[in-house]
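Listed here are the chains, written in short residue letters.
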Amino acid sequence: MKTVFMGTPDFAAVILDALAGSRHDVAYAVTQPDKAKNRGKKVQYTPVKELALAKGIEVLQPEKVRGNQEFIALLRECGPDIMIVAAYGQILPEEVLEIPRYGCINVHASLLPKLRGAAPIQKAIIDGEKETGVTIMQMAEGLDTGDMLLKEAVEIGGMNYSQLHDRLAEIGSRLLLKTLDMIEEGRVQPEKQDDSLSTYAHMISKQDGRISFQKSPEVIERLIRGFDPWPGAFCQFGDAVMKLWKAEPIDESTGETEPGTVISADEKGLKIACGGRALMVTEIQMPGKKRVSVKEYLKGNKIEKGTILR
């Protein structure tokens, strides 16, 4: 089939790579505009743009889609059989959705209708979901509201965001190609979403990573995994921001100890009071430094017992 692909981050680039390696033709890769990165203001391509250029696929980067008649006219002229969207970053208007012969389909990293929105992978971990997955859906106006075409679930276990992201991207790539075959053969059986079961995963910001030690060790441990590697779960250690990268809840009462208090700091890690119990942190990062084990950090630095992390 003649396709147009729309996506932006690493997750989408993995999907595009599978599509580009299949029997289907990718006429355009549509992605968000380039952004200036860091203080040097060096322009950074999106992961989808980088991959598309490497594959010789023409790239389009409209500032906006809705109301962009020049871009919409280009899509109509292209005449794709189907458009494939994966974490593109804009909601498509109806006049775009109805251009392709088979409409537009979306590769979404959750088991819809749960976790609609921008950050379903992080939220699945943070909320303590036992499983998540990928849904291929027929797109409609609205946020992730269309009929479901194909699903596959995966157990989350102890995976962090990076690990779960890669697993879901692999599943999404495989499901997409299977869905395209089913569409061509007329074998798809769309299933409507039950809107009453829907939940929302809002866009993540750096501040979402701030740890509240009033919460339980389990909640904090999930936050750490859900925000690894970005934006990172963090707390205040004196005048510095400390990021916590690996931790394990301990079934040990801390009584009336103030949440955030360092109970012990040794080669085993930092034992911190939180939510009336304890969290053992084994990997941290200080500003401008690499991630290191607590054991390694304590070889040249001190964290006194009784220190309060905020």
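Residues numbered from 1 in each chain as written. Predicted model: local features only at pLDDT ≥ 70, side-chain atom pairs only at ≥ 80, totals over all residues. Heavy atoms only, no water.

**A few points about the layout of surface pockets**
By volume, the largest pocket amounts to about 1700 Å³. Looking at the largest pocket, it is lined by 44 residues, and the ones nearest its centre are T8, P9, A87, A118 and M203. Counting only elements with at least two residues in the lining of the largest pocket, the list comes to α1 (10-20), β3 (35-37), β7 (104-108), α5 (120-126) and α6 (161-184). Considering the residues around the second largest pocket, the lining is formed by 14 residues, among which K206, P231, F234, V241 and K243 are closest to the centre. Of the residues belonging to the lining of the second largest pocket, the class tally is 7 nonpolar, 3 polar and 4 charged. (1 Å grid on protein atoms, 1.4 Å probe; cavity = no way out; pocket = protein on both sides within 12 Å on 5 of 7 lines; lining within 4 Å. Points joined across faces, edges and corners; volume = space filled by probe spheres on them. Helix = DSSP H or I, 4+ residues; strand = E, 2+ residues; numbered from the N terminus. Nonpolar A, V, L, I, M, F, W, Y, C, P; charged D, E, K, R; others polar.)

**Here's the deal with the sheet that holds strand β6 (residues 82-86)**
If you trace the 7 strands from one edge of the open sheet to the other, you get β5-β2-β1-β6-β7-β9-β10, paired in mixed fashion. Sheet topology places β5 (59-60) and β10 (148-155) at the edges, where each strand pairs with a single neighbour. Looking at chain direction, strand β2 (residues 25-30) and β5 are connected through 2 bridges and run parallel. Note that in β5 the partner of A29 across the bridge is V59. Lying over the sheet, α1 contacts β1 (2-7), β2, β6 and β7, oriented at roughly 165° with respect to β1. (Pairing = 2+ DSSP bridges. Contact = heavy atoms within 4.5 Å. Axes fitted to C-alpha atoms, helices over the stretch in contact; angles between N-to-C directions.)

**Concerning a nonpolar patch on the surface**
On the surface, V43, Y45 and L53 cluster together to form a nonpolar patch covering roughly 280 Å² of accessible area. Relative to the helices and strands, V43 is located in strand β4 (residues 42-44). (Patch = residues over 30% accessible without salt bridge, like charges linked within 9 Å, V, L, I, M, F, W, Y side chains within 5 Å. Areas by Shrake-Rupley, 256 points an atom, 1.4 Å probe, with all protein chains shown as cover. Salt bridge = Lys/Arg side-chain N within 4 Å of Asp/Glu carboxyl O.)

**Looking at the nonpolar core**
Side chains of nonpolar character tend, in soluble globular proteins, to be buried together. Judged by nonpolar contacts, the single largest core of 43 residues is most densely connected at F5, L16, I84, I105, V107 and L168. Looking at this core element by element, the count peaks at 10 residues for α6. Setting aside residues up to four positions removed in sequence, L16 forms contacts with F5, V26, A29, V48, L51, A52 and I57. Of all hydrophobic cores here, the second largest spans 27 residues; its members include I211, C235, F237 and I272. (Core = buried A, V, L, I, M, F, W, Y, C linked by side-chain atoms within 4.5 Å. Buried < 20%, exposed > 50% of the residue type's maximum accessible area, 1.4 Å probe, protein only.)

**A short note on the packing of α1 against helix α2 (residues 47-55)**
Running from N to C, α1 and α2 cross one another at 25°; their axes reach a closest spacing of 8 Å. Considering the angle they form, α1 stands roughly parallel to α2. As α1 packs across α2, the resulting crossing turns out to be right-handed. Along its contact with α1, which presents D10, A12, A13, L16, D17 and A20, the element α2 presents P47, V48, L51, A52 and K55. (Parallel < 35°, antiparallel > 145°, perpendicular 65-115°, else oblique. Left-handed = near helix turned anticlockwise from the far one by under 90°.)

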